[in-house]
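A structural walkthrough
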Amino acid sequence: MSPDRQVLDVGGVPVRVSHLDKVLYPATGTTKAELIDYVVRVSPVLLAQLHERPVTRIRFPSGVDGTPFFEKNVPKGAPDWLRHRELPAAPGNDEGDEGTTLDLPFLDDLPGLVWATNAGALELHTPQWTVSRRGAVRGADRLVVDLDPGVGAGLDECVAVAHLVRDRLAQDGLTRTVPVTSGSKGMQLYAPLPRRRPAAQVRLYARDLAQQLAAAHPGLVVAVIRKDVRAGKVLLDWSQNHPAKTTITPYSLRGRAEPRVAAPRWWEEIEPGLRQLTPDEVVQRLDTRGDPFDDQAG
């Protein structure tokens, strides 16, 4: 075997890796080996977020300065042990046909994370619905609101809107909302649902919430994607709850110029001056304080 290719024993599973010294983030010199080290160190919490959710990957085989591509189906050459299942592209869609069937992978364990990262899959995106081990598609177990700042707006504006969304969700009994800085420009808010709901139903609730907040705060919030109305404001992207849509998974890396992470945060941090976090910072926070998604976290 070439010295650039090797097989790692990951929990008793042989995982083929290659070119571990390849730089995937040229701005910081961050190598594939360092990124694999990151996913290994955060694997307990990252795997909890990926649990029973099919994974869409954004791959950067030549690094973040190269051309990325979306990958939904299991690629040719995937290891035999990788769990995957044929599923409708938009299960439970209320807008007619559910769409085509896709052969979607699940990253259930550490070998799967190492395999995906070695393939340049820096970004892992997941839907709000889950799939049982037997293949039954379940309803959504969470609601997500994506806060996307327009031109002239940034995280400070997202901070203000995040508190508005949190308070509005609490009025409807969703009191455990967790903020996640996206690792890109904005942030997401995740609200666990007390019981599973059809994804289409959750999408309509999120749409109504976004429209109500946009009407109440027209100088800060918009609920439509049109760029001509978004300057200086924050889009509440409720469409992330559509059964065909996916959202960046908490603790996933992002394929930006420098390595950043979709990082769960505590509400006490959601104040002006908030910034995106690096992989090293996320690991340190986990070691010292734990996971904001954990009810027992400090």
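My aim in this report is to walk through the structure given alongside it, one point at a time. Source: prediction; values computed, not measured.

What follows deals with the overall build of the chain. Along the backbone of the chain there are 6 helices and 19 strands. Taking 19 Å as the expected radius of gyration for a compact globule of 298 residues, we find that the chain reaches 19 Å, a close match to that expectation. Within the chain, buried positions represent 52% of all 298 residues. Long-range pairs, those at least 24 residues apart, make up 66% of the contacts in the chain between residues at least 6 apart in sequence. Accessible surface, the chain: about 13500 Å² in total, of which carbon and sulfur atoms supply 50%.

Time to look at unusual backbone geometry. When glycine is set aside, most residues are seen to have a negative phi, and most peptide bonds are trans. The phi torsion at H19 lies on the positive side, around 50°, for a residue other than glycine. Residue Y251 is not a glycine yet carries a positive backbone phi of 85°. Checked against the element boundaries, Y251 lands in the loop between β16 (247-248) and β17 (253-254). Relative accessible area serves as the criterion here: at 2%, Y251 is assigned to the buried category.

With that settled, the discussion passes to helix α3 (residues 110-118). Within α3, 8 of the 9 residues are buried, which leaves the element mostly enclosed by the surrounding structure. Along α3, the residues that are buried comprise P111, G112, L113, V114, W115, A116, T117 and N118. Those residues of α3 that are buried are in contact with β1 (5-10), β2 (13-18), α1 (32-41), α2 (43-50) and β9 (121-126). Where α3 ends, the next residue or the one after it, G120, has phi of about 80°, a positive value.

Here the structure, examined in full by the defined rule, presents 18 salt bridges. For D108, the salt bridge goes to R133, with nearest N and O atoms at 3.9 Å. Here the residue D108 occupies a position in the loop between β8 (101-105) and α3, and R133 occupies one in the loop between β10 (129-131) and β11 (137-149), the gap between them amounting to 25 residues. Between R207 and D208 there is a salt bridge; the shortest N-O distance is 3.2 Å. The exposure class assigned to R207 is partly exposed, which follows from its relative accessible area of 28%. Within the structure, one salt-bridge network assembled from shared partners comprises R57, R59 and E71.

Turning our eyes to something else, we now look at the packing of aromatic side chains. Any aromatic ring pair is given by two values, namely how distant the centres are and how the planes are angled relative to each other. Summed over the entire model, instances satisfying the criterion amount to 1 aromatic pair. Ring geometry for Y190 against F293: centres 5.9 Å apart, planes inclined by 70°, an arrangement best described as edge-to-face. On the criterion of sequence distance, the pair formed by Y190 in strand β13 (residues 187-197) and F293 in the segment after α6 (279-288) is long-range, its members being 103 residues apart. One Lys or Arg, R83, reaches over the ring of F106 and ends 4.0 Å from the middle of that ring. One residue, R289, lies across the ring of W266, its end atom 4.0 Å from the ring centre.

Conventions and cut-offs
- Residues numbered from 1 in each chain as written.
- Predicted model: local features only at pLDDT ≥ 70, side-chain atom pairs only at ≥ 80, totals over all residues.
- Heavy atoms only, no water.
- Helix = DSSP H or I, 4+ residues; strand = E, 2+ residues; numbered from the N terminus.
- Rg over C-alpha atoms; globule rule 2.2 N^0.38 Å.
- Buried < 20%, exposed > 50% of the residue type's maximum accessible area, 1.4 Å probe, protein only.
- Contact = heavy atoms within 4.5 Å.
- Areas by Shrake-Rupley, 256 points an atom, 1.4 Å probe, with all protein chains shown as cover.
- Salt bridge = Lys/Arg side-chain N within 4 Å of Asp/Glu carboxyl O.
- Phe/Tyr/Trp six-rings, centres within 6.5 Å; stacked < 30°, edge-to-face > 60°.
- Lys NZ or Arg CZ within 6 Å of the ring centre and 35° of its normal.

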